[in-house]
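The lines below spell out each chain.
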Amino acid sequence: MSLSGCLFIVLIAADFFIPMRQLGSFFHIAMNGMAASDKIFRLLELPKAKIEGTPERFCAGDLCLEHVSFSYDKERIVLQDVSLQGKKNQLTALVGESGCGKSTIASLVMGQHRVSDGRITIGGVPVSQIPEKERMSHMMYIGHDSYLFKGTVRDNLLMGKPDASDEELWEALRKVRLDAFLQGEKGLSSELTEKASNLSGGQRQRLALARALLCDSDVYIFDEATSNVDAESEDAIIAQIYELSETKTVLMISHRLANVTKAGRIYVLGQGRIVQSGTHESLLAEGSVYQKLWNAQQELEQYGKGGAQA
Ligand SMILES: Nc1ncnc2c1ncn2[C@@H]1O[C@H](COP(=O)(O)OP(=O)(O)O)[C@@H](O)[C@H]1O
Ligand SMILES: [Mg+2]
């Protein structure tokens, strides 16, 4: 065979195997799809959690944790004998070092897990006896990574209040200091990609907060909801959360103690237990964990300000 004939066969052979390679990758995609649909069907077949006793209607009021203990795996205890009261009409704060169990408390209140011991009530009604639909419409959890979907800013905000006027939407955006940025874009018609990945982390948090402020829930849990927001906007948003707490039951989980100094009651969690509780002033006077955390954060913030001025 001539050299050109050989070259021709080598080139053709590569083309010949392309469909075979594609078939292989399609097979891989199909197997992934089947594994995913298996998981979906297994999830759909799970029995619905039964409500013990007669289901009760949601009743707005104080949030109470009474001697709550919890473990994810029945081995390592994450929360032990936690009692706290989140009063309606005043801000209740929960602070503590990372990993001490703050978000676990939030997930128990939202009914995502069952407590191993003790009970959680809202307005005197155990959370476990409130049907999920009622819970969802009266309670709101705002984490550090709330879900925003593909669509316009308006679509996302209307999820919070479907009948809100544009003025109300702008008012909510103003409260979280996102109005100026969106005016520079296409306003309420600005398009968001899936999970709003075309916004910065702080902008995403502010939009999720605006949506939460539009919702007329009775119980709000803010779990590090301003962790990515710049300090100036954070102060404005925290002021809005304080205002909200005048009429609602609000639990604010924050790593930054400066955010909770005006809370009606602050609970300090340490390794799954409430180690201190009181107002900012009383906790500082007590010394101990809160004072140490406060001093360490103040030093860091002063250092940060010094650095910024330098
Ligand atoms: N879904 C989970 N499954 C198992 N362990 C978890 C889960 N979520 C959190 N934990 C563990 O529970 C402890 C408390 O976590 P978390 O409540 O998220 O703390 P915090 O919010 O205070 O940082 C940690 O040790 C963490 O590893
Ligand atoms: Mg957390």
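Here the structure is a predicted model, which is why all the values come from computation and not from measurement. (Residues numbered from 1 in each chain as written. Chains lettered and ligands numbered in written order. Predicted model: local features only at pLDDT ≥ 70, side-chain atom pairs only at ≥ 80, totals over all residues. Heavy atoms only, no water.)

**A word on the overall build of the chain**
- Counting its regular elements, the chain contains 10 helices and 12 strands.
- In summary, the chain has a C-alpha radius of gyration of 26 Å against a globular reference of 19 Å for 310 residues, an excess of more than 25%.
- Each principal axis of the C-alpha distribution contributes one length, and for the chain these read about 95 × 60 × 45 Å.
- For the chain, the residues scored as buried account for 41% of the 310 residues in total. (Helix = DSSP H or I, 4+ residues; strand = E, 2+ residues; numbered from the N terminus. Rg over C-alpha atoms; globule rule 2.2 N^0.38 Å. Buried < 20%, exposed > 50% of the residue type's maximum accessible area, 1.4 Å probe, protein only.)

**Some remarks on the pairing of strand E9 (residues 219–223)**
- Where burial is concerned, most of E9 is hidden: five out of the five residues are buried.
- Alternating residues of E9 divide into Val-219, Ile-221 and Asp-223 and Tyr-220 and Phe-222, and every residue in both groups is buried.
- Strand direction decides the pairing type here: strand E6 (residues 139–142) and E9, joined by four bridges, are parallel. Bridge pairing in E9 places Met-140 opposite Tyr-220.
- Direction of pairing for E9 relative to strand E10 (residues 249–253): parallel, over a ladder of five bridges. Its bridge partner being in E10, Val-219 is matched across the sheet by Thr-249. (Pairing = 2+ DSSP bridges.)

**Observations regarding the nonpolar core**
- If you look at the biggest cluster of nonpolar residues, it comprises 46 residues, and the most contacted ones within it are Leu-157, Leu-207 and Phe-222.
- If near-sequence neighbours (up to four positions away) are discounted, Leu-157 is found in contact with Leu-169, Leu-173, Leu-188, Leu-207, Ala-210, Arg-211 and Leu-214.
- If you look at the next biggest cluster of nonpolar residues, it comprises 28 residues, including Phe-58, Leu-108, Val-109 and Ile-130. (Core = buried A, V, L, I, M, F, W, Y, C linked by side-chain atoms within 4.5 Å. Contact = heavy atoms within 4.5 Å.)

**A word on the packing of helix H5 (residues 166–175) against helix H7 (residues 201–214)**
- For the pair H5 and H7, interaxial distance at closest approach is 8 Å and the crossing angle is 125°. In this view, H5 runs oblique relative to H7, as classed from their interaxial angle. In this structure, the crossing between H5 and H7 has a hand that is right-handed. Residue-level contacts link Glu-168, Leu-169, Ala-172, Leu-173 and Lys-175 of H5 to Leu-207, Ala-210, Leu-213 and Leu-214 of H7.
- Residues belonging to the contact of H5 with H7 are distributed by class as follows: seven nonpolar, no polar and two charged. (Axes fitted to C-alpha atoms, helices over the stretch in contact; angles between N-to-C directions. Parallel < 35°, antiparallel > 145°, perpendicular 65-115°, else oblique. Left-handed = near helix turned anticlockwise from the far one by under 90°. Nonpolar A, V, L, I, M, F, W, Y, C, P; charged D, E, K, R; others polar.)

**Let's talk about the confidence of the model for the chain**
- Scored by pLDDT, the chain has a mean of 91; 97% of the residues are at 70 or more.
- Summarising per-element confidence for the chain, the mean pLDDT is lowest in helix H10 (residues 288–309) (82) and highest in strand E3 (residues 91–95) (97). (pLDDT = per-residue confidence, 0-100.)

**Quick word on the sheet that holds E6**
- Taken together, the six strands give an open sheet; going across it, the order is E6-E9-E10-E3-E11-E12, and neighbouring strands pair in mixed fashion. Whereas interior strands pair on both sides, the edge strands pair on one side only; in this sheet they are E6 and strand E12 (273–278). Neighbour-to-neighbour, the strand axes of this sheet turn through a mean angle of 15°, independent of strand direction.
- Lying on the sheet, helix H8 (residues 231–244) is in contact with E3, E9 and E10; it crosses E10 at an angle near 145°.

**Examining unusual backbone geometry**
- Although it is not a glycine, Ala-196 adopts a positive phi angle of roughly 50°.
- Along the chain, Ala-196 falls in the loop between strand E8 (191–192) and H7.

**Considerations on the environment of Asn-32**
- Turning to its location among the elements, Asn-32 is positioned in helix H1 (residues 3–45).
- Taking C-alpha positions, Asn-32 is 44 Å from Ile-241, a pair spaced 209 residues apart along the chain.

**Looking at the pairing of E3**
- The element E3 is largely enclosed, with a buried count of five among its five residues.
- Side chains of E3 alternate between two faces, with Leu-91, Ala-93 and Val-95 and Thr-92 and Leu-94 buried alike.
- Pairing analysis gives four bridges linking E3 to E10, with the strands arranged parallel. Its bridge partner being in E10, Leu-91 is matched across the sheet by Val-250.
- The pairing of E3 with strand E11 (residues 265–270) spans four bridges and is classified as parallel. Looking across to E11, one finds that Leu-94 is bridged to Tyr-267.

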